[in-house]
Amino acid sequence: MGQGVSARTLGGTLRPEDAGKAVMLQGWVDRRRDHGGVLFVDLRDRAGIIQVVFNPETQPQAHAVADSFRLEYVVELEGEVRARPADALNPDMPTGEVEVVAHSAKVLSQSRTPPFPINEETNVDERIRMRYRYLDLRRERMQRNLRLRHRAVKTIRDYMDENDFLEVETPILYKTTPEGARDFLVPSRLHPGDFYALPQSPQTLKQLLMIAGVERYYQIARCFRDEDLRADRQLEFTQLDFEISFTSQEEIFALVERMISRIWRELRGVELETPFIRMTHTD
């Protein structure tokens, strides 16, 4: 690493207060632009995109390496963060007020031309997306979905912990229980002719926990159902599963309403009105 550079920095986190800081960046080449000799490379990592400048007059070796960069190359570089000129600010990028002036660069891994653009939101045939899933997951929309799910699950865990729920992971391989769909069965090697069932929900196990005196249990549970696919349903899914002893219907309603309201507030900045409208069974 260069002098003054101690560890990797996520380029997508750089802001004006980082100006003058020596950084080492690693990531993917998102875009590349040649402006009369000076190269501008948008470097993408999990935190976002940062513009990197390669000047052939001040850093000819780094510029020569960067000249070989192509889209989706995995690269490493060292440089210094500086404020962008006033006429080069980009308000559409979180890092649009700064850029990195590269002092050195190297290619960690080359890339073939991708089968579809990674840096654009274009409509791609789903079969192609599934075939190249590792590329599809690099796209901003997919990265955004993963971050959103992470934040939603974290919010749920924080909320349940604040309400004295104990997170308990229950077994996946268990005996079959009467549910609304068919079970997926897993044959037992040690007991020929016997089978485990993958859970449609942890029904029996969470009741066992209540009898055992846990009183407040929850988990982000994986569930499996061997049934026909529908627009809003697939063979496996995740659900928030929880159980309470010594409770009432109103307590359950209020608990769920507060949780859903918190998710919308923290993830989308939307305040939901509570209590929610309730429909009777007849309605």
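The coordinates are above.
Since the model is a prediction, treat every value here as computed from it, not as a measurement. The residue count restarts for each chain, going from 1 along the sequence in the order it is written. Two thresholds apply to this predicted model, a pLDDT of at least 70 for residue-level local features and 80 or more for giving and counting side-chain atom pairs, whereas whole-chain, interface and lining totals are computed over all residues. The basis for every side-chain value is the complete set of non-hydrogen atoms in the structure, without hydrogens or water.

Participant: Is there a simple way to think about the overall build of the chain in this case?
Facilitator: Where helices and strands are cited, they refer to DSSP runs of H or I of at least four residues and of E of at least two residues respectively, numbered from the N terminus. Within the chain, the secondary structure is distributed over six helices and ten strands. The atom set for the radius of gyration is the C-alpha atoms, and the globule formula is 2.2 Å times the number of residues raised to the power 0.38. A compact globule built from 283 residues would reach a C-alpha radius of gyration of about 19 Å, whereas the chain, at 26 Å, exceeds it by more than 25%. Note on classification: 1.4 Å probe, protein chains only; a residue is buried when its accessible area is under 20% of the maximum for its type, exposed when over 50%, partly exposed between these limits. Here the chain holds 283 residues, and 35% of them are scored as buried. Throughout, a residue-residue contact means that at least one pair of heavy atoms, one from each residue, lies within 4.5 Å. Put simply, of all contacts in the chain between residues at least 6 apart along the chain, 54% involve residues at least 24 apart. His is not counted, nor are the chain ends, whereas Lys and Arg count as positive and Asp and Glu as negative. Charge placement uses NZ in Lys and CZ in Arg. For Asp and Glu, CG and CD serve respectively. In the chain, 40 side chains carry a positive charge and 46 a negative one; their mean positions are 4 Å apart.

Participant: I'm lost on the packing of helix 4 (residues 140-162) against helix 6 (residues 249-268) in this one. Help?
Facilitator: The packing of two helices is summarised by the inter-axis angle and the distance between the axes. A fitted line through C-alpha atoms represents every axis, and for helices the fit uses only the stretch in contact; the resulting angles, taken between N-to-C directions, go from 0 to 180 degrees. With their axes 10 Å apart at the nearest point, helix 4 and helix 6 run at an angle of 140 degrees to one another. When the interaxial angle is binned, helix 4 and helix 6 end up oblique. The interaxial crossing formed by helix 4 with helix 6 has right-handed handedness. In contact with L148, R151, A152, T155, I156, D158, Y159, M160 and E162 of helix 4, helix 6 contributes A254, L255, R258, M259, R262, I263, E266, L267 and R268. Throughout this entry, Asp, Glu, Lys and Arg are counted as charged residues, while Ala, Val, Leu, Ile, Met, Phe, Trp, Tyr, Cys and Pro are counted as nonpolar. The remaining residues, Gly among them, count as polar. Here the contact of helix 4 with helix 6 is built from residues that sort into ten nonpolar, one polar and seven charged. Note on angle classes: values under 35 degrees are labelled roughly parallel, values over 145 roughly antiparallel, values of 65 to 115 roughly perpendicular, and the remainder oblique. By convention, the crossing between two helices is left-handed when the near helix turns anticlockwise from the far helix through less than a right angle, and right-handed when the turn is clockwise.

Participant: Explain the sheet that holds strand 3 (residues 48-54) here, please?
Facilitator: Note on pairing: DSSP must find at least two bridges between two strands before they are called paired. One closed barrel accounts for five strands, arranged 1-2-3-5-4; its pairing is mixed. Pairwise comparison of adjacent strand axes, ignoring direction, gives a mean angle of 55 degrees for this sheet. Sheet topology places strand 4 (residues 74-83) next to strand 5 (residues 98-109); ten bridges connect them, and they run antiparallel. Residue pairing across strands places E78 opposite S104, the latter belonging to strand 5.

Participant: What am I meant to see in helix 4 here?
Facilitator: For an α-helix, 3.6 residues make a turn, and residues three or four places apart therefore share a direction. For helix 4, spanning 23 residues, the distance from its first C-alpha to its last is 33 Å, which sits close to the expected 33 Å at 1.5 Å a residue. M142, A152, V153, T155, I156, Y159 and M160 are the residues of helix 4 that are buried. Buried positions along helix 4 lie against helix 2 (126-131), helix 3 (133-136), strand 9 (216-224), strand 10 (236-244) and helix 6. Remark: D164 follows helix 4 within two positions and exhibits a positive phi of approximately 65 degrees. Here the expected length of a helix is defined as 1.5 Å per residue gap, with one fewer gap than residues.

Participant: Whenever I open this one, the packing of aromatic side chains confuses me. Can you help?
Facilitator: The geometry of an aromatic ring pair comes down to the distance between the two centres and the angle between the two planes. Under the pairing criterion, centres of Phe, Tyr and Trp rings, with the six-membered ring standing for Trp, must be within 6.5 Å; the plane angle then separates stacked pairs below 30 degrees from edge-to-face pairs above 60, leaving the rest tilted. In the structure shown here, the tally under the stated rule is three aromatic pairs. Summarising the aromatic geometry, the rings of F54 and F69 are spaced 5.9 Å apart at their centres and angled 90 degrees between planes, so their arrangement reads as edge-to-face. Here the residue F54 occupies a position in strand 3, and F69 occupies one in the loop between helix 1 (60-66) and strand 4, the gap between them amounting to 15 residues. As far as the burial class goes, F54 and F69 line up, both buried. Taking the centre distance of 6.4 Å and the plane angle of 65 degrees together, the rings of Y132 and Y134 count as edge-to-face. Taking relative accessible area as the criterion, Y132 reaches 21% and is therefore assigned partly exposed.

Participant: Just checking my understanding: could you explain the side chain of S245 for this structure?
Facilitator: Position of S245 among the secondary structure elements: in the loop between strand 10 and helix 6. A residue is classified by how much of its surface remains accessible, and S245, at 18% relative accessible area, is buried. Ignoring sequence-local partners within four residues, the contact set of S245 consists of M210 and E215.

Participant: I'm lost on the pattern of salt bridges in this one. Help?
Facilitator: When their charged atoms lie close together, side chains carrying opposite charge are able to pair. By salt bridge we mean one thing: a side-chain nitrogen of Lys or Arg within 4 Å of a carboxyl oxygen of Asp or Glu. Taken as a whole, this structure holds 25 salt bridges when the rule is applied. For R141, the salt bridge is made with E121, and the minimal N-O distance between the two is 3.5 Å. With a gap of 20 residues between them, R141 in helix 4 and E121 in the loop between strand 5 and helix 2 connect regions that are remote in the sequence. Relative accessible area serves as the criterion here: at 30%, R141 is assigned to the partly exposed category. Shared partners join several salt bridges into a network, and the residues in it are D30, R44, E72 and R138.

Participant: Looking at this structure, I do not really get the side chain of R139. What am I missing?
Facilitator: Looking at the element boundaries, R139 is found in the loop between helix 3 and helix 4. R139 has contacts with F116, P117, I118, E120, T122, V124 and R129, leaving out every residue within four places of it along the chain.

Participant: When you look at the nonpolar core in this model, what are you seeing that I'm missing?
Facilitator: Side chains of nonpolar character tend, in soluble globular proteins, to be buried together. Ranked by size, the top nonpolar core spans 21 residues in total, and within it L25, I50, V52, F54, F69, L77 and V100 carry the most contacts. Looking at this core element by element, the count peaks at four residues for strand 5. Listed in part, the 14 residues of the second largest apolar core include V153, Y159, F242 and M259. Put simply, a nonpolar core is a bunch of buried Ala, Val, Leu, Ile, Met, Phe, Trp, Tyr and Cys residues held in one set by side-chain atoms that sit within 4.5 Å of each other.

Participant: I keep staring at the environment of P275 and nothing clicks. Help me out?
Facilitator: Counting through the fold element by element, P275 comes out in the segment after helix 6. C-alpha separation for the pair P275 and R31, spaced 244 residues apart in sequence, amounts to 49 Å.

Participant: Even after reading the chapter, I still don't get the sheet that holds strand 6 (residues 166-167), so can you show me in this structure?
Facilitator: Consider a sheet: its strands pair through backbone hydrogen bonds, and that pairing is either parallel or antiparallel. Overall, mixed pairing links the three strands, which are arranged 6-9-10 in an open sheet. Edge positions in the sheet fall to strand 6 and strand 10, since each of these pairs with one other strand and no more. Bridge count between strand 6 and strand 9: two bridges; the pairing is parallel. Each bridged residue has a counterpart across the sheet, and for L166 the counterpart in strand 9 is Y217. Here helix 4 sits on the sheet in contact with strand 6, strand 9 and strand 10, set at roughly 150 degrees to strand 9. Helix 6 rests against strand 9 and strand 10 of the sheet, and its axis sits at about 135 degrees to strand 10.

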